[in-house]
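Descriptive structure summary
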Amino acid sequence: MTDHRSLVIEGAHVATVDGAEHPDGHIVARAGAITAVGPGPAPAHLVPDDATRVDGRGHLATPGLVNTHNHLYQWATQGLFTDGTLFEWLVGSYEIWHRLDARVVADTTTAGLAHLALSGCTTASDHHYIHPAGRGDIVDAQVGAALEVGLRLDLARGSMDRGHSQGGLPPDSVVETLDGALAGTAEAVDAHHDPSPASMTRVAVAPCSPFSVSRDLMVESARLARDRGVRLHTHLAETLDEEEQCRAEFGCTPVEYAEKLGWLGPDVWFAHAVHLSDDAIARMAATGTGVAHCPTSNARLGAGICRTTELLAAGVPVGLGVDGPASSELTPLAGEMHQALLMARARRGPQALSARQALHMATLGGARVLGRDAELGSLTVGKQADIALWRVDGPGYDVIADPVVAAVFGPTPPLAGLWVGARPVVSGGELTTVTREAAAARGRNAHARLIQEANR
């Protein structure tokens, strides 16, 4: 029986990301890990007898893309509150989201991850912070759906304990108690976090944001994460409104507030980080704190443009995220490379960000942000065989001499193949796990069910 975790790709332009590129190169994987990368055909003695062989001529091979921030449940509420600010959009959305249940979340996770897979993503971090009481095991639903689609899930188990009556944005009906949030998060870590290099599921501790979380929950979440040896994630510095609220309520900037709470360090990453001073960037660089850059969502909500050029120059780990589908409708992860390039250049000129820097953010940069750069993010011997194969010999792409430029500067090229640990998830542009049609149907069902619940 063929071992579908043994794989040979030959003839592709291989962009390893962390080393040399091979215009006519090979990748060999065995038992789910990369065993050889280099120029020319694969040496015969390195090729497993039962390997699946792929003709990569006319294709660009990159590491599988790493999504560092998403809210998959929002698949069910796309296209709403299209002209609101972040706060206006949140207030309206919460009135629907508090009806979430495990069935809706399973379906939105399936639809969202299928969409991400078709855009070259092999690892996705999902920040789920809405856990209404009595609505089923939402964490278990997410993990099960991710395993069915076949992507690696970094589940950032979120929480909120500061409802409207306490000065927060979300309605009281959707927040947890401090003890309930901590207990639910600890349970998710204990039940699902797998720290092994080939892990399909990791769990992070992820209280939502300063305007929906108490100081106590932030502090105790950091203590919990470090006790369990997992990472910390939250939204920070997304809008100027947040900056003003932080100064008024806490007498400091968002990054200063985070530092006071023990929320800077190499085990922490922030979503968005749009409004950062030079001092804030320096503190994040000094502490190794990472950033999930979500350019399309930031533009859609009018939040601003992240200072990626300055962050990268300072040495801050930066990855890319598509953010929630309700604030970044149908955004492909590969397309965020293009958006990140344009946003940086709109701010700082044509040398602000290169195609290869954008690819790095989408792969090895993202893996570093999630604490998985030792096993993911580059086509390197010993790492997991998470590989995306893009067709760059079609009309338009075939006149661009540099395949990486072709993939980043223009529309996303067709995805020919995607492997997670050398297991095929996309082949010939179609999913091999769940079908495209089934995933889309689940997304539609989740939308109909949630809207019907909200209208009761």
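Residues numbered from 1 in each chain as written. Predicted model: local features only at pLDDT ≥ 70, side-chain atom pairs only at ≥ 80, totals over all residues. Heavy atoms only, no water.

Scanning the protein from N- to C-terminus turns up 14 helices and 17 strands. The C-alpha atoms of the protein give 21 Å as radius of gyration, which agrees with the globular expectation for 456 residues (23 Å, within 12%). Projected onto its principal axes, the C-alpha positions of the protein cover 65 × 45 × 40 Å. For the protein, the proportion of its 456 residues judged to be buried stands at 61%. A separation threshold of at least 6 residues defines the contact pool for the protein, and within that pool the share at least 24 residues apart is 73%. Surface accessibility of the protein: about 16,400 Å² in total, with carbon and sulfur atoms responsible for 53%. Distance between charge centres in the protein, computed from 35 positive and 52 negative side chains, equals 2 Å. (Helix = DSSP H or I, 4+ residues; strand = E, 2+ residues; numbered from the N terminus. Rg over C-alpha atoms; globule rule 2.2 N^0.38 Å. Buried < 20%, exposed > 50% of the residue type's maximum accessible area, 1.4 Å probe, protein only. Contact = heavy atoms within 4.5 Å. Areas by Shrake-Rupley, 256 points an atom, 1.4 Å probe, with all protein chains shown as cover. Lys, Arg positive; Asp, Glu negative; His and termini not counted. Charge placed at Lys NZ, Arg CZ, Asp CG, Glu CD.)

Here we come to the packing of helix α2 (residues 102-117) against helix α14 (residues 436-454). At a closest axis distance of 8 Å, the pairing of α2 and α14 adopts a crossing angle of 140°. Between α2 and α14, the angle is such that the two are oblique. In terms of crossing hand, the pair formed by α2 and α14 is left-handed. Residues R103, V104, D107, T108, T110, A111 and A114 of α2 pack against A439, R442, G443, N445, A446, R449 and L450 of α14. Here the contact of α2 with α14 is built from residues that sort into 6 nonpolar, 4 polar and 4 charged. (Axes fitted to C-alpha atoms, helices over the stretch in contact; angles between N-to-C directions. Parallel < 35°, antiparallel > 145°, perpendicular 65-115°, else oblique. Left-handed = near helix turned anticlockwise from the far one by under 90°. Nonpolar A, V, L, I, M, F, W, Y, C, P; charged D, E, K, R; others polar.)

For the rest of this paragraph, the subject is the domain arrangement of the protein. One can read the domain layout of the protein as domain 1 (6-64 + 381-428) and domain 2 (79-370). The distance between the C-alpha centroids of domain 1 and domain 2 comes to 30 Å. The interface of domain 1 with domain 2 comprises 26 residues on the first partner and 27 residues on the second. Around 2,000 Å² of area is buried between domain 1 and domain 2 when both sides are counted, 66% of it from carbon and sulfur atoms. It is V17, V408 and F409 that lose the most area in domain 1 upon contact with domain 2, and together they represent 27% of the buried surface on that side. (Domains from an automatic or database assignment. Buried area = accessible area lost by both parts, 1.4 Å probe.)

Moving on, we come to the packing of aromatic side chains. All told, the structure shown has 5 aromatic pairs when counted by the stated rule. Between Y73 and W97, the ring centres sit 5.1 Å apart and the planes meet at 90°, which makes this aromatic pair edge-to-face. Here Y73 is found in the loop between β6 (65-67) and α1 (86-97), whereas its partner W97 is found in helix α1, with 24 residues between them in sequence. W97 matches Y73 in its accessibility class, with the two residues each being buried. An aromatic cluster is present here, built from Y73, W89, Y94, W97 and Y129 joined pairwise through their rings. (Phe/Tyr/Trp six-rings, centres within 6.5 Å; stacked < 30°, edge-to-face > 60°.)

We now examine the UniProt feature "domain: Amidohydrolase-related" (unreviewed entry) in the protein. Feature annotation in UniProt places "domain: Amidohydrolase-related" (unreviewed entry) on residues 61-398, given in this structure's numbering. Secondary structure over residues 61-398 splits into 42% helix and 15% strand, and the C-alpha atoms at its two ends are 15 Å apart. (UniProt positions renumbered as here; feature names shortened; annotations may be inferred.)

On to the pairing of strand β10 (residues 232-236). Counting buried positions over the 5 residues of β10 gives 5, a clear majority of the element. In β10, alternate side chains face the same way, and those of L232, T234 and L236 on one face and H233 and H235 on the other are all buried.

With respect to the secondary-structure elements, S199 resides in the loop between α4 (178-192) and β9 (201-207). Distance in space between the C-alpha atoms of S199 and L153 is 8.9 Å, their sequence separation being 46 residues. Apart from the residues within four sequence positions on either side, S199 is in contact with R152, D194 and R372.

With that settled, the discussion passes to the state of the cysteines. As enumerated under the stated definition, the model contains 0 disulfides in all. C294 supplies the cysteine sulfur nearest to C121, a cysteine that is in no disulfide, at a spacing of 13 Å. Residue class for C121 comes out buried when judged on its relative accessible area of 0%. (Disulfide = S-S within 2.5 Å.)

If you check helix α11 (residues 333-348), its first and last C-alpha atoms are 23 Å apart, about what 16 residues at 1.5 Å a residue would give, namely 22 Å. Listed as buried for α11 are L333, A334, G335, E336, M337, A340, L341, M343 and A344. A positive phi of about 95° marks G349, the residue just after α11. (Expected span 1.5 Å × (residues − 1).)

If you walk through the whole model with that rule in mind, you get 25 salt bridges. Taking the shortest distance from any N to any O, the salt bridge between E176 and R157 comes out at 3.0 Å. With E176 in the loop between β8 (152-159) and α4 and R157 in strand β8, this pair connects stretches of sequence that are 19 residues apart. Summarising the burial analysis for this pair, E176 and R157 share the class buried. Among the ionic pairs, E329 bridges to R300, the shortest N-O distance being 2.5 Å. Of this pair, E329 sits in the loop between β13 (318-320) and α11 while R300 sits in helix α9 (residues 295-300), placing them 29 residues apart in sequence. Residue class for E329 comes out partly exposed when judged on its relative accessible area of 27%. Taken together, the salt bridges that share partners define one network made up of D278, R307, E310, R347 and R348. (Salt bridge = Lys/Arg side-chain N within 4 Å of Asp/Glu carboxyl O.)

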